[in-house]
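Architecture at a glance
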Amino acid sequence: MIKDKYLVHADRMAGQIIKASLSHEGFLLFVHKNVDGDCVGAACGMAQVLRNAGYKAGVAISEKLPDSMEYMGVDDLVFDPMDYADRISVSNYMPFATDCSESHRMGKCGRFFECGRKPLIIDHHASVSLKDEQFWIDGDASSASELCYYTALMLEEKTGRKLIDRRAAVCFLTGIVTDTGKFAYKNTMPETLVCAGELTELGARTSDISYNMFDRKPRNVFDLVTHFRSKVEFHADGQIALLRAYEEDFRQFGADDSAIDEMPSVMRDIEGVELSVVLRISEGRIRCNLRSKDHFDCSTFATAFGGGGHMRASGFNLPAEEHTIDEVAEAVIRKATERLR
Ligand SMILES: [Mn+2]
């Protein structure tokens, strides 16, 4: 049921991991900034598996993990490389990116990824087309976590050891549940469900993950989302739903910009809407998230603004000193309307 093509690549990646372990002190895993369940799940699950295989491994993350991820219990796998900058720059680690492949997507951690050694990469962002023995990038996969799970399975086969424990299973399933929208999106394939079943047998629970990653929210976030729902605008005969989330709104409710992470999909789900657009300020940048329902190619659209992502979900960032939310909104509405005609 698991596709042969996945197992072939997973086997190759497991081989590359073993090869890298012979000439490196350990593995340093990298994720994209504005972390989500998939990048954290893939990297932490993989770090746990690598530790179980007897290798040193850690996940470089320079931001605080959201409270919603507390149930993963991964604090001892994650560290901020900025705190160890001198020691890390001299150590001989193997860089290993999951759910992203380019240093400019990694925020402050990017410079540690650019350490002069060719990295290992496991990613499912179709906008990247890097090819190498050490890379596995497949835009058809549900999540980076699913690909990491296959790689871990093959590593078990090669080492003859049980490596995927309950914590690794929780991490991988978190990534799958997150990126498939609780198994509701089109990227949910038969093998995705097989993986999820196997990870459940290892002790991970979809109910815990769904609640923590999607449903739970503090009261102020609920109030903020209620406020923003009334601010959604419609353009192009209702095909575009767009939200301008100004900094003042977040201040008023004492919430940060991640409080509206659900809005892109909530707006996309409205009948007649093909494209949803959410604009907000995040760390001095205007952040734009795009989601489409059926045919609008979000990946190509975001690339034109210097971003990237998937066909149905993508995004880009622009410096807030050079642009305003309203300017970006007008540009996005104009270009998207042309494409939707
Ligand atoms: Mn992902």
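Counting of residues starts from 1 at the beginning of each chain's written sequence and follows it residue by residue. In keeping with the predicted nature of the model, local features appear solely for residues at pLDDT of at least 70, side-chain atom pairs appear and are counted solely at 80 or more, and the whole-chain, interface and lining totals rest on all residues.

**Here's the deal with the sheet that holds strand β7 (residues 233–235)**
- A pair of strands is considered paired only if DSSP assigns at least 2 bridges between the two. Numbering goes from the N terminus for both helices and strands, where a helix is a DSSP run of H or I of at least four residues and a strand is a run of E of at least two. Pairing is mixed in the open sheet, where 6 strands are placed in the order β7-β8-β9-β10-β12-β11. Of all the strands in the sheet, just β7 and β11 (308–309) have a single pairing partner and so form its edges.
- Inspection of the sheet shows β7 paired to strand β8 (residues 240–245) by 3 bridges, in the antiparallel sense. Pairing of Phe-234 across the sheet is with Ala-241, part of β8.
- Two residues form a contact once the distance between their C-beta atoms, set from the backbone, is within 7 Å. To define axes, lines are fitted to C-alpha atoms, for helices over the stretch in contact only, and angles between the resulting N-to-C directions are given on a 0 to 180 degree scale. Docked against the sheet, helix α13 (residues 325–340) engages β7, β8, β9 (275–282), β10 (285–292) and β12 (313–319), running at close to 170° with respect to β8.

**Some remarks on the domain arrangement of the chain**
- Note that the domain bounds were set by an automatic or database domain assignment. Each assigned domain of the chain is listed here: domain 1 (4–214) and domain 2 (219–340).
- In this structure, domain 1 and domain 2 have C-alpha centres spaced 27 Å apart.
- Contacts between the two partners involve 7 residues from domain 1, matched on the other side by 9 residues from domain 2.
- Within the side of domain 1 that touches domain 2, the residues separate by chemical class into 2 nonpolar, 5 polar and no charged. Classes in brief: Ala, Val, Leu, Ile, Met, Phe, Trp, Tyr, Cys and Pro nonpolar; Asp, Glu, Lys and Arg charged; the others, Gly included, polar.

**Regarding the packing of helix α2 (residues 37–52) against helix α5 (residues 144–159)**
- For the pair α2 and α5, interaxial distance at closest approach is 8 Å and the crossing angle is 10°. Here α2 is positioned roughly parallel relative to α5, judged by the angle of their axes. In terms of crossing hand, the pair formed by α2 and α5 is left-handed. Each of Asp-38, Cys-39, Gly-41, Ala-42, Gly-45, Met-46 and Val-49 in α2 lies in contact with α5, whose residues at this interface are Ala-144, Ser-145, Cys-148, Ala-152 and Leu-155.
- Grouping the constituent residues of the contact of α2 with α5 by class yields 8 nonpolar, 3 polar and 1 charged. Angle categories: roughly parallel below 35 degrees, roughly antiparallel above 145, roughly perpendicular from 65 to 115, and oblique for all the rest. Crossing handedness is defined as follows: a turn of the near helix away from the far one that is anticlockwise and smaller than a right angle gives a left-handed crossing, while the clockwise case is right-handed.

**A look at α5**
- The terminal C-alpha atoms of α5 lie 22 Å apart, and with 16 residues this matches the ideal 22 Å at 1.5 Å per residue to within 8%.
- For every residue, the other C-beta atoms within 10 Å of its own C-beta are counted; 20 or more classify it as buried, 12 or fewer as exposed, and values in between as partly exposed. C-beta atoms are placed from the backbone. Of all 16 residues in α5, 12 are buried; the element is thus mostly enclosed.
- Within the sequence span of α5, burial applies to Ala-144, Ser-145, Glu-146, Leu-147, Cys-148, Tyr-149, Tyr-150, Thr-151, Ala-152, Leu-153, Met-154 and Leu-155.
- Looking one or two places after α5, you find Gly-160, whose phi comes out positive at around 65°. Here, expected helix span is obtained from the residue count minus one, scaled by 1.5 Å.

**Re the pairing of strand β1 (residues 26–30)**
- With 4 of its 5 residues buried, β1 lies for the most part within the structure.
- Where β1 meets strand β2 (residues 56–60), 5 bridges bridge the pair, whose relative direction is parallel. Across the sheet, Phe-30 pairs through a bridge with Ala-60, a residue of β2.
- When the strands point away from the viewer, a crossover counts as right-handed if the route from the first strand across the helix to the second turns clockwise. In this fold, β1 hands off to α2, which returns the chain to β2; that crossover is right-handed.
- Relative to strand β4 (residues 93–98), β1 runs parallel, the two being bridged by 5 bridges.

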